[in-house]
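Coordinate inspection notes
Residues per chain, in single letters:
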Amino acid sequence: MQTRFDIPTTGTGLYEFTAEVTRWVQGTGLLTLFIQHTSASLVIQENADPEVQTDLQNYFARLVPPTTDPSMAYLTHTYEGSDDMPAHIKAAMLPTHLSIPVINGTLALGTWQGIYLFEHRDRPHQRKVIGYLA
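The text that follows walks through the structure, step by step, so that each part is easy to find.

Each value, and the rule that gives it
Residues numbered from 1 in each chain as written. Predicted model: local features only at pLDDT ≥ 70, side-chain atom pairs only at ≥ 80, totals over all residues. Heavy atoms only, no water. Helix = DSSP H or I, 4+ residues; strand = E, 2+ residues; numbered from the N terminus. Rg over C-alpha atoms; globule rule 2.2 N^0.38 Å. Buried < 20%, exposed > 50% of the residue type's maximum accessible area, 1.4 Å probe, protein only. Areas by Shrake-Rupley, 256 points an atom, 1.4 Å probe, with all protein chains shown as cover. Phe/Tyr/Trp six-rings, centres within 6.5 Å; stacked < 30°, edge-to-face > 60°. Pairing = 2+ DSSP bridges. Expected span 1.5 Å × (residues − 1). Polar contact = N/O pair within 3.5 Å; in protein donor to acceptor, adjacent residues only side chain to side chain. Axes fitted to C-alpha atoms, helices over the stretch in contact; angles between N-to-C directions.

**Digging into the overall build of the chain**
- Tallying secondary structure elements over the chain gives three helices and eight strands in all.
- When the helices and strands of the chain are placed in sequence order, the string is β-β-α-β-β-α-α-β-β-β-β.
- Relative to a compact globule of 134 residues, whose C-alpha radius of gyration would be 14 Å, the chain shows 16 Å and is just as compact.
- Counting only C-alpha atoms and orienting by the principal axes, one finds that the chain spans roughly 50 × 30 × 20 Å.
- Residue burial in the chain is summarised as follows: out of 134 residues, 40% are buried.
- Carbon and sulfur atoms make up 54% of the accessible area of the chain, which totals about 7,300 Å².

What follows is the structure in structure tokens.
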């Protein structure tokens, strides 16, 4: 079973799409999610307190600032914007695919876990995530 999730983003941030995945899965097996982009990531993270997403976003912004920051002057890939190469670095540090058990049509996530697309670019994008259940 295979599908594609189209996830619109409005800029940097975490976008939960657990509900969309939950509506799609059925049966029992292992779900693989794969993002088809090099400047965004997939993460499983707490979905109860929105401060968690804010803190994660702020941490990675501080860890890998835009190329306009003097500490990033060594970067050469800058023609797609000051957020582009930092977005690639963040995507290299975070997962681009996830594996989640599915038991009797239910995602085997923990109580406070949600599935997120972590957008690393400043401008809006239409992101594609492939879902495969085997």
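**A look at the packing of aromatic side chains**
- This structure, assessed with the given rule, holds four aromatic pairs.
- Ring centres of Phe5 and Phe17 lie 6.0 Å apart, and the angle between their planes is 55 degrees; this geometry places the pair in the tilted category. Here Phe17 lies in the loop between β2 (13-16) and α1 (18-24) and Phe5 lies in strand β1 (residues 2-9), a separation of 12 residues in the sequence. The same class applies to Phe5 as to Phe17, namely buried.

**Thoughts on the sheet that holds strand β5 (residues 97-103)**
- Spatial ordering of the open sheet is given by β1-β8-β3-β5-β6, a layout of five strands whose pairing is antiparallel. Each edge of the sheet is formed by a strand with only one pairing partner; in this case those strands are β1 and β6 (106-107).
- In the sheet, β5 pairs with β6 via two bridges, with the strands oriented antiparallel. Within β6, the position partnered with Ile103 by the bridge is Thr106.

**Notes on helix α2 (residues 50-63)**
- The end-to-end C-alpha distance of α2, which contains 14 residues, comes to 20 Å, matching closely the 20 Å that a straight helix rising 1.5 Å per residue would cover.
- Capping the start of α2, Asp49 holds a side-chain oxygen 2.9 Å from the backbone nitrogen of Glu51, two or three residues further along.

**Focus on the pairing of strand β3 (residues 29-35)**
- Of the strand pairs in this sheet, β3 and β5 are connected by six bridges, and their pairing is antiparallel. Within the sheet, the bridge partner assigned to Phe34 lies in β5 and is His97.
- In this sheet, strand β8 (residues 125-133) lies alongside β3 in antiparallel orientation, the contact comprising five bridges. What sits directly across from Thr32, in β8, is Tyr132.

**Brief notes about the pairing of β5**
- Every second residue of β5 is oriented toward a common face, the buried set being Leu98, Ile100 and Val102 and the non-buried set His97, Ser99, Pro101 and Ile103.
- Between the antiparallel neighbours β5 and β6 lie two residues, among them Asn104 with a positive phi of about 50 degrees.

**Digging into the sheet that holds strand β4 (residues 40-46)**
- Spatial ordering of the open sheet is given by β2-β7-β4, a layout of three strands whose pairing is antiparallel. Each edge of the open sheet is held by one strand with a lone partner, namely β2 and β4. Pairwise comparison of adjacent strand axes, ignoring direction, gives a mean angle of 35 degrees for this sheet.
- Sheet topology places β2 next to strand β7 (residues 113-119); four bridges connect them, and they run antiparallel. Note on β7: the bridge partner recorded for Glu16 is Tyr116.

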